[in-house]
Amino acid sequence: MGGISVLVVDDHAVFADALQARLADEPDLGPVSVAYSAAQLRAHLTRSKPAVIVLDLMLADRTGLDLADDIRELSPTTRTVILTAMESVEPVFTGLARGVRAWVSKTIDTDRLVRIIRGVCAGEAYLAPDVLGRVLSEMSARTLHPAPDPFAGLTIREREVLQCMVDGLTRAEIAARLGVSVNTVRTHAQNLIAKLGTHSTLETVSLALRNGIRASGYPAVHRVGSVV
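Model, not experiment: these values are computed from the prediction. (Residues numbered from 1 in each chain as written. Predicted model: local features only at pLDDT ≥ 70, side-chain atom pairs only at ≥ 80, totals over all residues. Heavy atoms only, no water.)

Trainee: Honestly, the overall build of the protein chain in this entry has me stumped. Any pointers?
Mentor: Looking only at helices and strands, the protein chain has 10 helices and six strands in total. Here the protein chain has a C-alpha radius of gyration of 19 Å; the compact-globule value for 228 residues is 17 Å, and the two agree. For the C-alpha atoms alone, the extent of the protein chain along its principal axes is close to 60 × 40 × 30 Å. Every one of the 228 residues in the protein chain was classed for burial, and the buried ones make up 46%. With the model as given, the accessible surface of the protein chain reaches about 11200 Å², and the carbon-plus-sulfur share is 57%. The average position of the 24 basic charges and that of the 25 acidic charges among the side chains of the protein chain differ by 5 Å. (Helix = DSSP H or I, 4+ residues; strand = E, 2+ residues; numbered from the N terminus. Rg over C-alpha atoms; globule rule 2.2 N^0.38 Å. Buried < 20%, exposed > 50% of the residue type's maximum accessible area, 1.4 Å probe, protein only. Areas by Shrake-Rupley, 256 points an atom, 1.4 Å probe, with all protein chains shown as cover. Lys, Arg positive; Asp, Glu negative; His and termini not counted. Charge placed at Lys NZ, Arg CZ, Asp CG, Glu CD.)

Trainee: Please explain the sheet that holds strand β3 (residues 52-56) as it appears in this structure.
Mentor: Strand pairing in a sheet relies on backbone hydrogen bonds, with the paired strands running either antiparallel or parallel. The six strands are arranged β2-β1-β3-β4-β5-β6 in an open sheet whose pairing can be described as parallel. Only two strands of the sheet have a single partner each, and these edge strands are β2 (29-35) and β6 (126-127). By the bridge criterion, five bridges tie strand β1 (residues 4-9) to β2 in an arrangement that is parallel. Bridge pairing in β2 places I4 opposite L29. Across the sheet, helix α1 (residues 13-24) lies against β1, β2, β3 and β4 (79-84), angled at about 175° from β2, the strand it touches most. (Pairing = 2+ DSSP bridges. Contact = heavy atoms within 4.5 Å. Axes fitted to C-alpha atoms, helices over the stretch in contact; angles between N-to-C directions.)

Trainee: Would you explain the nonpolar core in this entry?
Mentor: Inside soluble globular proteins, nonpolar side chains tend to come together where they are buried. In terms of nonpolar packing, the biggest core is built from 47 residues, with L23 and I117 touching the most fellow members. Filtering out sequence-adjacent residues up to four positions away, L23 remains in contact with V6, V8, L29, V32, V114 and I117. If you look at the next biggest cluster of nonpolar residues, it comprises 22 residues, including V166, L169, L196 and I213. (Core = buried A, V, L, I, M, F, W, Y, C linked by side-chain atoms within 4.5 Å.)

Shape descriptors only; they carry no functional weight alone.
Here it is in structure tokens:
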């Protein structure tokens with residue numbers, strides 16, 4: 001039994017089990033547990049507080065970025081390492097803002113991943129050199145050439161839907177919160193994504209967070225009213 005407890009969170013069971021077995025071979029890592037969904041992750045955190053969570057960016061029921069907020073709430077001392085197959089740097093900004101300590105490719109050599117886990121447990125952070133270079137270049141460009149308000153063209157309802165997206169709600173939960181139909185939510189979401197020039201909910205939420213929109217802290221359903 002090692003000293004650094006690790007939780008692997010990935011909805012691809014074969015990958016998750018293989019990574020769990022590999023990490024468990026390290027004498028200083030353990031216990032090494034596995035969760036296959038966001039619900040299992042939350043349940044695990046009610047029972048124990050792992051030192052490090054190795055978290056897939058895209059789960060079937062939630063995104064890793066949404067879960068980073070849950071991890072900070074339920075286990076503030078836990079360090080989060082994001083595993084991803086995505087090449088875009090956009091989600092990296094969101095991850096760093098939400099307390100993610102390392103951002104690595106799913107193709108990373110497991111020996112290197114072990115060293116990263118040890119490092120983040122010791123208080124270090126890690127971005128692959130190519131990702132770090134792109135992040136720094138983007139930060140510099142945004143500082144020198146600040147963009148105009150990207151949300152100026154949104155309607156009030158579209159802004160409400162955007163806030164719900166930042167809060168991590170599903171379309172059904174947004175519909176319940178705003179008192180509208182799921183189809184109406186879908187239409188508003190499609191319109192605001194088109195206006196913002198983004199290509200997914202994840203990219204849209206990343207844009208919102210970078211521009212100062214934060215999670216409201218409201219429950220999933222707090223108002224049921226008129227239908228628009």
